[in-house]
Number of protein chains: 2
Amino acid sequence: MMENNGMIDRRLLLTGMSGAAALSPFLSMQALAAGHGSHAAYDWHEELSNVPGIKMMGNEQIAMLMYPDFTALDLVGPYHFFAGMMGATVHLVTNQSDLRPVKSDLGLAIQPTITMADCPKDLDILFAPGGTTGTIAAANDPATIAFMADRASRAGYITSVCTGALILGTIGALRGKRATSHWSVRNLLGQFGATPVDQRVVQDGNVVTGAGVSAGLDFGLALVSIMRGQPYAAASMLTAEYHPVPPFPGGTPETTPKSVRDPIAALFDDFVASAKALRAPE
Amino acid sequence: MMENNGMIDRRLLLTGMSGAAALSPFLSMQALAAGHGSHAAYDWHEELSNVPGIKMMGNEQIAMLMYPDFTALDLVGPYHFFAGMMGATVHLVTNQSDLRPVKSDLGLAIQPTITMADCPKDLDILFAPGGTTGTIAAANDPATIAFMADRASRAGYITSVCTGALILGTIGALRGKRATSHWSVRNLLGQFGATPVDQRVVQDGNVVTGAGVSAGLDFGLALVSIMRGQPYAAASMLTAEYHPVPPFPGGTPETTPKSVRDPIAALFDDFVASAKALRAPE
């Protein structure tokens, strides 16, 4: 298997910079190095390929759903690590009818690459980001749910970050599974037949879920580790300098001062009420 | 000051959902709550406004530079926290001549909101994201450097994440300042007259810099804390569930196994060589 990976690498590297640059930062950097020609004596790619347990090349098909008012960081965190897997193809799938940029809840709009209709049928990873009102709307949209249910029926891994778990629940993918979500709706996962777990990333078989928003970075690295081995994830982690140092403690209901936590929790009350109405199919 | 903030809040909340929803997740959620009408007895906004040291409302003008092959996560991390500041306006500024989506280094393209020519002259926060070849190109582009130098001359805070510090260095903004950058080029900051600091986020006067890629989350929260007080940042941190738990140790050259670190460090050698050629103006 390592030999096969090596062969694929060599072929892809030979396709040159324009194709290579689109594949991953690793290949892009390789092309840069080749352009300068100063590394004849040390082949970083070969060195890294020799690390036990690493899978340098793959051809994963990954679909990341986008819908109006999704939370951009829920998606861009894991995207950074998914798209860094050499040879993987990441599809940004809009649930709208055309390829216009999809506006996230804070305003930032991301260009989709494909519509649900054109998205590959067989996926290695299917991913749903979260949001608030936008996520409820997506979970109540028959076309979006039909798309997600169909692709999930054959996907290698069915995944979400934040309240995206509500979409997985609505298609029935969480039944009998341990799963997590944003703290505001984590305990609602039981209504989809799941066992809620208060953990940053939860894997149960082929279902992998992350906690709220920023958990997408931990989630993304966990998925890369599953797909390509921990050394590959360690390389991505170093490239992204992922050594988080929050400026002060907090980030969970338990670690946030009550004076801040109670109002913010109340702020989510009506979103939670909307989420409570969602159900898995019979 | 708190009274003034209260007055501004009231006026903006009265403008209703469509305008309010564009401002921040807090206002968006407030509108949602108002729609359901179930919180007459508990006004989360008033409760949070009463927390000592919090500044609920502002009117910051924030400009985040985008250029071809920037690293999307460098920008989307801090964007999440900047755009969550009620009343702030975040401009996504393209260095291209039109408003077409700007493609990041991994492929994901983000819709800019404004060109450099149309960007407000007076900014509260000026921000540069990083990248590799794209960052070198931006730092060598006279129009981009002229724009950044002009806005920096009047900006409240001059900021960057990752190798975006190279752009700040090129406009002379790091002279005499303590600053950080991605580990691969951190020690080069001396060539711009800065003192490199190996720290997640570094503030020196009105210059605030973050380390590589994922440091944008720590950096974003630090800036929110500066602009709106720590309780506001704590509220954003809880909303984003920012309580990072990397799946395994790593993320810095010191904490990454040598077998992975050495090849990845070599991968950056030629980018580092390009960065070495950059200089601050005389």
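For the structure itself, look to the data block above.
Because the structure is a prediction, the values reported are computed rather than measured.

Right, let's get into the relation of the copies chain B and chain A. Superposition record for chain B on chain A: RMSD 0.0 Å, screw rotation 180°, translation along axis 0.0 Å. With respect to symmetry, the two chain copies, as superposed, fit the operation of a two-fold axis. For chain B, the smallest separation between a C-alpha atom and the rotation axis is recorded for I110(B), amounting to 2.3 Å. Interface overlap between copies is the fraction of interface residues in one copy that are interface residues in the other; for chain B against chain A it reaches 100%, indicating a shared surface.

Further remarks concern unusual backbone geometry. All names here are of chain A. Non-glycine residue V213 carries a positive phi angle of around 30°. Of note, V213 is situated in the loop between β11 (207–210) and α9 (215–228). For V213, a relative accessible area of 5% gives the class buried. Residue E241 is not a glycine yet carries a positive backbone phi of 45°.

Residue and element names in this part refer to chain A. With their axes 7 Å apart at the nearest point, helix α5 (residues 72–82) and α9 run at an angle of 25° to one another. Regarding the angle of α5 to α9, the classification is roughly parallel. Regarding α5 and α9, the two cross each other, and that crossing is right-handed. Two secondary-structure elements touch here, α5 through G77, P78, F81 and F82 and α9 through G216, L217, F219, G220, L221, L223 and V224. Split by residue class, the contact of α5 with α9 holds eight nonpolar, three polar and no charged.

Between helix α10 (residues 230–239) of chain A and helix α11 (residues 258–267) of chain B, the least distance of the axes is 10 Å, while the angle of their chain directions is 50°. One element, α10(A), and the other, α11(B), form an angle in the oblique class. You can see that α10(A) and α11(B) cross each other, and the crossing is right-handed. In contact with P231(A), A234(A), A235(A), L238(A) and T239(A) of α10(A), α11(B) contributes V260(B), R261(B) and I264(B). Per-class residue counts for the contact of α10(A) with α11(B) are six nonpolar, one polar and one charged.

The next subject is the interface of chain B and chain A. With 87 residues of chain B at the interface, the matching set in chain A holds 88 residues. Taken over both partners, the interface formed by chain B and chain A buries close to 7,400 Å², and the fraction arising from carbon and sulfur atoms is 72%. Of all residues in chain B, the largest losses of buried area upon contact with chain A belong to L106(B), L238(B) and E241(B), amounting jointly to 12% of the total for that side. Connecting chain B to chain A are two salt bridges. E241(A) is the salt-bridge partner of R186(B), the closest N and O atoms lying 2.5 Å from each other. If you list the elements that add at least two residues to the side of chain B that touches chain A, you get α3 (25–36), α4 (44–49), α5 (72–82), β4 (109–110), α9 (215–228), α10 (230–239), α11 and α12 (269–276) of chain B. Of the residues belonging to the side of chain B that touches chain A, the class tally is 50 nonpolar, 27 polar and 10 charged.

Parameters and conventions
Residues numbered from 1 in each chain as written. Chains lettered and ligands numbered in written order. Predicted model: local features only at pLDDT ≥ 70, side-chain atom pairs only at ≥ 80, totals over all residues. Heavy atoms only, no water. Least-squares fit on C-alpha atoms with pLDDT ≥ 70 in both. Contact = heavy atoms within 4.5 Å. Helix = DSSP H or I, 4+ residues; strand = E, 2+ residues; numbered from the N terminus. Buried < 20%, exposed > 50% of the residue type's maximum accessible area, 1.4 Å probe, protein only. Axes fitted to C-alpha atoms, helices over the stretch in contact; angles between N-to-C directions. Parallel < 35°, antiparallel > 145°, perpendicular 65-115°, else oblique. Left-handed = near helix turned anticlockwise from the far one by under 90°. Nonpolar A, V, L, I, M, F, W, Y, C, P; charged D, E, K, R; others polar. Buried area = accessible area lost by both parts, 1.4 Å probe. Salt bridge = Lys/Arg side-chain N within 4 Å of Asp/Glu carboxyl O.

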